[in-house]
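# Remarks on the overall topology
As a plain string of letters, each chain reads:
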Amino acid sequence: MSTHSYKKHDDAEGGAPDKMTVFQDCLLGFNALPVSAKKCRGLLAKLLRLLYSGETFPASEATTLFFSISKLFQHKDSSLRQLVYLAIKELSLISDDVLMVTSSIMKDVQSNELVVKPNAIRTLARVLDGSTVNAAERLMKNAVVDKNPIVASAALLSSYHLLPVARDVVKRWTNETQEAVTAQKLLPSDQFALHEYYGSSNLPSATYSYQYHALGLLYLLRNHDRMSLMKMIQQLSGNNSPLKSPMAIVQLIRFVAKIAVEDPSATQALFPLLAAYLRHKSDMVELEAAKAIVALNVTPEQFLQAINTLQVLLSAPRTVTRFAAVRVLNRISMKNPEKIVVCNAELEGLVNDPNRSISTYAITTLLKTGSSDNVDRLIKTIAKFMGDISDEFKIVVVDSIRTLALKFPEKHGAMLRFLNELLRDDGGFAFKNSIVEALFDMIRFVPASRDGALEHLCEFIEDCEFTELSVRILHLLGEEGPKTNSPTLYIRHIYNRVVLENSIIRSSAVIALSKFALLGDAAIKKNIQILLTRCLNDVDDEVRDRAAWSLKLIASDLPEAQSFVSPLNYSLPVLEQQLALYVAGDKATFATPFDIHAIPVMSEAELNAIEFREKTDAEPVTEKVEEQSDLLKTSLLQQKYSQELSEIPEIAAYGSLLHSSKVVALTEKETEFVVTTVKHVFANHLLLQYDVENTLTDIELHDVTVIAQPDSDAYAEEFSMPIDVLRAESKGTIYVSYTRPTEVGTDLLAAFGNTLSFITKEVDPDTQAADPEDDGFQDEYQIEDLEVGPGDFIVPAYMANFTSIMDALPHQQSAVFNLGDGASALLDTVAKLVTSLSMLPLENSEVVDGNSHVLKLFGKTIWGGKVGVSIRLAHNAAKGTLAKVEVRAEEENVAEMVVEGIN
Amino acid sequence: MSLNTSLYTVKAVVILDNEAKRLYAKYFKPPHSAEDATASPFQTLKSQQSFETALFKKTHKINSDIILFDNHIVLYKEFADVVIYLVGDLNENEVLLMSCFSGLVEAFNILLKNALDKKSITENYDMVVLAIDETIDDGIILETDSAVIASRVTGPPSADAINLAKIDLSEKGLFSAFNFARAKIGERLQQL
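Now for a description of the structure that goes with this document. (Residues numbered from 1 in each chain as written. Chains lettered and ligands numbered in written order. Predicted model: local features only at pLDDT ≥ 70, side-chain atom pairs only at ≥ 80, totals over all residues. Heavy atoms only, no water.)

When you go through chain A residue by residue, the secondary structure sums to 38 helices and 19 strands. Out of the 903 residues in chain A, the part that is buried amounts to 53%. Expressed as a percentage of contacts within chain A between residues at least 6 apart in sequence, the contacts between residues at least 24 apart total 65%. Entry remark: accessible area of chain A is about 40,900 Å², with carbon and sulfur atoms responsible for 52%. (Helix = DSSP H or I, 4+ residues; strand = E, 2+ residues; numbered from the N terminus. Buried < 20%, exposed > 50% of the residue type's maximum accessible area, 1.4 Å probe, protein only. Contact = heavy atoms within 4.5 Å. Areas by Shrake-Rupley, 256 points an atom, 1.4 Å probe, with all protein chains shown as cover.)

Spelled out as structure tokens, the structure:
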């Protein structure tokens, strides 16, 4: 014990008392004769204060304290003993010798001392462990059935705490616990230490908390036995339920919900139980029932009942209730915004709620529910209160608007107006930045809004106090301005900056100007040259340098000049990975310079596709889960595959990898051999990569191969690379290669029947190896078929105006199918189509609304052509799902292939 | 939404003063849980304190009863120079936590005679910690009725000088005197 650890605290202002002093005082006070109850209680309070401030004692000191405190058990004063029990409870966490106080505690548990008996019971649970709990069995049993509810609660809780270490013992009072759930226990009126200003008249006659504790314990004792659990639920629910405590009812609802989640077929039978609690006098019960129902798979009518309850809770006077209700609705709105439209009126009322979290939830929920019909009105409502709220909150709103703008591109007019008004308001950098970001996104993803948005941005930089924003906007003007119909309009705005602003802005304005000159319009070029020549006299060297450089570039007519206007977009994650590899290499690697051409260049469309995904998926709510964009992950994965494959000489000869499919599982996850596969497409070949996992512990596999039989003659097997030895509990990879038809067309579609073939050998558990003498025996294992579909030749791509691009594609094919399968919902069908075709859903069309739907998909084939698919779906419970498919493609035969593939 | 069928609902009770200094902090964990304690984000004193400081920053002078903070539901109430927090799991029933929290705060009000401030909390620390112990037992809500909670908390013992004079006027003494008298009167009445 170093002196340092007992450094004297400055205790002038009622801070935590000094540890050493308290320790010494406690020992003195507790060992004094006669013991002064008042003084000791004060000392204990000080000790607890230390413990609750985060101080701890070394185990030896804790034990010393423990011994001296245990002397106080002798004292008659129950108010002292009550605090002693609390101190023992806390010290039992750090001291090892807790068992020795057991007998003293037992004495109080046995007594009929009204004040400290419950405290004694609860402390007992801390000092007992699995081996000593037997001694307390009779005491606990008696306490559980005690007619004093506080004693019963204490005993039930203690049993609950002890359950993990003493299940068998606690089980012996299952019947008593069962009794406690339904019993009526009234608070005795004479046991209380009543405080001044507070008479006994304010005491309720019963609070039924013990029901909550008994129910919780009973569930743990019975949760392995579903029949008795169901029986218990039947008994306790309904009109004549003996349950009076709302907390106990909440607990019951959770049990019901849990059964329903685990066994969806029971949902409909259990629903009436839950629905009955949607109208209850306690908010917490109503809330729990509604929460439980919305998490279940129920019919729309049943769902609506829960929503109606939440709707009522939205106008509750208690902040917490409103918060809870709006939070549930917000969660629903992320997946099924259409289901909560009924609450819009109430939600609008909450927009001005004094609790910021509530108003944020209300706004974001409202914006999610926005359909193309009510977006305009919604924006008007929000515009009204924007003035009253803080910047931080405004940013949340702007982010939601941004998402909405991408969802409903046709509503860009109203959104632009709204954002423009905000842009003119006062606000800090973060707020202005979020608006500018929103406008940037609109320009990129909603082409129709481009001119309007650019104009607003031009106006904004006329009077912008943030250099950083001006620079970004000028850069954007340089990028987008030349593409507009009247580029000259922007030149004036940009040149104004050159005249009026600081050097940082001036230099970026110079670059932006120079981009207009590369348009190819001679008149503009000449004008720009004049403007740039003036900049050569600028006071700042950076501005002069840039102007001189730009003039040179413009005058040069070099082809590189064009790449200055539209620079190449290298795939950054791949570039990063490659550079890291390059730098990590030895001297030999540095002999050859880094090859930038090995990095895939992403077209603007691909880049947009990735970002569009990110932007529309991003949830502007605090609870969001960070997830890497799917598309980005795919491109990284693709990179990994291509690296792995190029290391195999046979495969390296195939040329570059064009496309890899997602991982397809060919077996259940729990089988003896788990097989997954990835399809790799090369210029003339199809390579199937089978990843096999041997989950058995005592069998080793030899010569593992997959016999894959294509159903079409177009594919011919070239070679197969088996796994020589697959040890117990290990993984391996088999490659099977085929030549594939080079012509685009329905020939490409095929199905492969797969059989896993191998020789099994038993493993000696001692040596962990198979007996070399053992020849093993040949065996086969049937796995599922693998389909090669159109999706294997298409990569998702983004296109801003789907309809016009579709119309421009030359080759068309359409068909009507019945996709059958009446039970599966439209949502699943859409999800399946998106994955199987491996195309990007556009215009938010992956979100299904109602029983009919139009899915718009876009992608690029591995040959480079565009392909668009529009699928009109109608769902009918009797007939299943009908699909009218229209495919348009740039290349011949692609459309036919896609149509054939969907069927 | 994960379903919590356990009774362990309250993660922590914290009382801070107006400079974010701890007056009381108890992070609950089941006493005999087999589960590895390292899973809790509040395992070390340091992580607890950084949680408290950040929470205080977020809630100071903004009285809105409830916020979501660091993947927890936090109910809080600010008084003159103290803030009381109750921390629960993200998926817990908010109203259930609130009924526990308001029961506790109201019990404080009864015990401290409506003077809920730093001074009276430190002076009556024994009653404050007993009240919390009678409301929440290692994360399980024990009672939510403020009157019942307050009535379970004993006041400090009376002065010891009288004890030395062999007149037992402590709480227990009074109880036993009262019980004795009641038993006697009961007997008499039955005899009549």
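This part is about the packing of helix 19 (residues 356-369) of chain A against helix 20 (residues 375-385) of chain A. Axes are the key here: two packed helices are described by the angle between their axes and the distance separating the axes. Residue and element names in this part refer to chain A. Following both chains from N to C, one finds helix 19 and helix 20 inclined at 160°, their axes separated by 10 Å at the closest point. By the angle between their axes, helix 19 is roughly antiparallel relative to helix 20. Crossing angle aside, the handedness with which helix 19 passes helix 20 is left-handed. Contacts from Ile363, Leu366 and Leu367 in helix 19 reach Leu378, Ile382 and Phe385 in helix 20. Across the contact of helix 19 with helix 20, the residue classes break down as six nonpolar, no polar and no charged. (Axes fitted to C-alpha atoms, helices over the stretch in contact; angles between N-to-C directions. Parallel < 35°, antiparallel > 145°, perpendicular 65-115°, else oblique. Left-handed = near helix turned anticlockwise from the far one by under 90°. Nonpolar A, V, L, I, M, F, W, Y, C, P; charged D, E, K, R; others polar.)

For the rest of this paragraph, the subject is the packing of aromatic side chains. A complete count under the given rule lists 16 aromatic pairs over all chains for this structure. With 5.3 Å between their ring centres and 55° between their planes, A:Phe73 and A:Tyr85 make a pair best called tilted. Of the two residues, A:Phe73 is situated in the loop between helix 3 (59-70) and helix 4 (78-91) and A:Tyr85 in helix 4; the sequence distance between them amounts to twelve residues. Residue A:Tyr85 is classed as buried on the basis of its relative accessible area, which comes to 1%. Pairing A:Tyr219 with A:Phe255 gives two aromatic rings, centres 4.0 Å apart and planes at 5°, and the pair type is stacked. With A:Tyr219 in helix 11 (residues 209-222) and A:Phe255 in helix 13 (residues 246-262), the pair connects residues that are 36 residues apart, well separated along the chain. A relative accessible area of 6% means that A:Tyr219 is categorised as buried. Since its relative accessible area comes to 0%, A:Phe255 is described here as buried. Among the aromatic residues, those joined into a ring-pair cluster are B:Tyr27, B:Phe42, B:Phe51 and B:Phe69. The ring of A:Tyr210 carries A:Lys185 above its face, with NZ or CZ at 5.8 Å from the centroid. (Phe/Tyr/Trp six-rings, centres within 6.5 Å; stacked < 30°, edge-to-face > 60°. Lys NZ or Arg CZ within 6 Å of the ring centre and 35° of its normal.)

Here the focus is empty space enclosed by the protein. Summed over all chains, the structure comprises seven cavities of 30 Å³ or more. Its boundaries defined by the atoms lining it, the largest cavity holds a volume of some 120 Å³. Along the wall of the largest cavity there are 14 residues; nearest its centre are A:Ile150, A:Ser153, B:Leu142, B:Glu143 and B:Val148. Residue assignment for the lining of the largest cavity shows that the elements contributing at least two residues are helix 8 (149-162) and helix 11 of chain A together with helix 5 (146-152) of chain B. (1 Å grid on protein atoms, 1.4 Å probe; cavity = no way out; pocket = protein on both sides within 12 Å on 5 of 7 lines; lining within 4 Å. Points joined across faces, edges and corners; volume = space filled by probe spheres on them.)

Hydrogen bonds along the backbone pair up the strands of a sheet, which may run parallel or antiparallel. All names here are of chain B. A sheet is described by the order of its strands in space; here five strands give the open sequence 2-1-5-4-3, paired in antiparallel fashion. Both edges of this open sheet fall to strand 2 (22-27) and strand 3 (66-69), since each of them pairs with a single strand only. Each neighbouring strand pair of the sheet contributes to a mean axis angle of 20°, computed without reference to strand direction. Sitting on the sheet, helix 1 (residues 45-59) is in contact with strand 1 (10-17), strand 2, strand 3, strand 4 (72-78) and strand 5 (82-89), with an inclination near 120° to strand 2. (Pairing = 2+ DSSP bridges.)

What follows concerns the interface of chain B and chain A. Many structure descriptions define interface size as the accessible area lost when the parts assemble. With 74 residues of chain B at the contact, the number on the chain A side is 86 residues. Summing both sides of the interface, chain B and chain A together bury roughly 7,200 Å²; the carbon and sulfur share of this comes to 59%. Here chain B is connected to chain A by twelve salt bridges. A salt bridge links B:Lys26 to A:Glu90; its shortest N-O distance comes to 3.0 Å. Across the chain B-chain A interface, the total number found is 33 residue pairs in polar contact (both at pLDDT 80 or more). Residues belonging to the side of chain B that touches chain A are distributed by class as follows: 37 nonpolar, 17 polar and 20 charged. (Buried area = accessible area lost by both parts, 1.4 Å probe. Salt bridge = Lys/Arg side-chain N within 4 Å of Asp/Glu carboxyl O. Polar contact = N/O pair within 3.5 Å; in protein donor to acceptor, adjacent residues only side chain to side chain.)

The subject of this paragraph is the nonpolar core. One finds A:Leu44 and B:Ile15 to be the most contacted residues of the largest nonpolar core, which totals 243 residues. Take this core: its biggest share by element is twelve residues, from helix 2 (residues 94-111) of chain B. One finds A:Phe673, A:Val704, A:Leu748 and A:Phe758 within the second-largest nonpolar core, a separate group that totals 32 residues. (Core = buried A, V, L, I, M, F, W, Y, C linked by side-chain atoms within 4.5 Å.)

Position of A:Leu840 relative to the elements: it lies in strand 16 (residues 840-841). Sequence spacing of A:Leu840 and A:Val795 is 45 residues, and the spatial spacing of their C-alpha atoms is 8.3 Å.

The end-to-end C-alpha distance of helix 4 of chain A, which contains 14 residues, comes to 20 Å, matching closely the 20 Å that a straight helix rising 1.5 Å per residue would cover. Burial within helix 4 of chain A is extensive, with 14 of its 14 residues counted as buried. (Expected span 1.5 Å × (residues − 1).)

In the structure shown here, the tally under the stated rule is 38 salt bridges over all chains. Salt-bridge contacts for A:Arg254 lead to B:Glu92; the nearest nitrogen and oxygen are separated by 2.5 Å. Taken together, the residues A:Arg254 in helix 13 and B:Glu92 in the loop between strand 5 and helix 2 connect one chain to another. With respect to class, A:Arg254 is no different from B:Glu92; both count as buried. In this structure, the salt-bridge partner of A:Arg497 is A:Glu501, at a minimum N-O distance of 2.7 Å.

Moving on: the pairing of strand 4 of chain B. All names here are of chain B. Counted residue by residue, strand 4 has six buried out of seven residues, so it is predominantly covered. Note that strand 3 and strand 4 share four bridges and pair antiparallel. Each residue of the ladder has a partner; that of Leu68, found in strand 4, is Ile73. In this structure, the hairpin formed by strand 3 and strand 4 is closed by a connection of two residues, where Asp70 is found at a positive phi of approximately 50°. Of the pairings in the sheet, the one linking strand 4 to strand 5 comprises seven bridges and is antiparallel in character. Paired with Leu75 across the two strands is Leu86, which belongs to strand 5. Here strand 4 folds back onto strand 5 in antiparallel fashion, the turn holding three residues.

Below, the discussion takes up the side chain of A:Arg497. For A:Arg497, the location among the structural elements is in helix 26 (residues 488-500). Excluding anything up to four places from it in sequence, A:Arg497 contacts A:Ile461, A:Glu462, A:Leu474, A:Ile505, A:Arg506 and A:Ala509.

An α-helical turn contains 3.6 residues, so any two residues separated by three or four positions project in the same direction. Buried residues dominate helix 4 (residues 125-135) of chain B, accounting for eleven of its eleven residues. Looking at helix 4 of chain B, one finds that the buried residues are B:Tyr125, B:Asp126, B:Met127, B:Val128, B:Val129, B:Leu130, B:Ala131, B:Ile132, B:Asp133, B:Glu134 and B:Thr135.

Further remarks concern a negative patch on the surface. On the surface, A:Glu421, A:Asp425, A:Asp426, A:Asp463 and A:Glu465 cluster together into a negatively charged patch. Residue A:Glu421 is classed as partly exposed on the basis of its relative accessible area of 48%. (Patch = residues over 30% accessible without salt bridge, like charges linked within 9 Å, V, L, I, M, F, W, Y side chains within 5 Å. Lys, Arg positive; Asp, Glu negative; His and termini not counted. Charge placed at Lys NZ, Arg CZ, Asp CG, Glu CD.)

Turning to unusual backbone geometry, a few remarks are in order. Of note in this structure, A:Asp703 is not a glycine but carries a positive phi near 50°. Note on placement: A:Asp703 falls in strand 7 (residues 699-710). A positive phi angle, near 60°, is found at B:Asn114, a position not held by glycine. Along the chain, the position of B:Asn114 falls in the loop between helix 2 and helix 3 (118-123). On the basis of relative accessible area, B:Asn114 is assigned to the exposed category, the value being 63%.

This part is about the packing of helix 1 (residues 19-31) of chain A against helix 2 (residues 37-52) of chain A. Residues and elements named next belong to chain A. Their axes nearest at 10 Å, the elements helix 1 and helix 2 cross at an angle of 150°. Between helix 1 and helix 2, the angle falls in the class roughly antiparallel. Classified by chirality, the crossing of helix 2 by helix 1 is left-handed. Contact with helix 1, carried on its side by Lys19, Val22, Asp25, Cys26, Gly29 and Phe30, involves Cys40, Leu43, Leu44, Lys46, Leu47 and Leu50 of helix 2 and no other residues of that element.

Remember, this is a structural readout, not a statement about activity or role.
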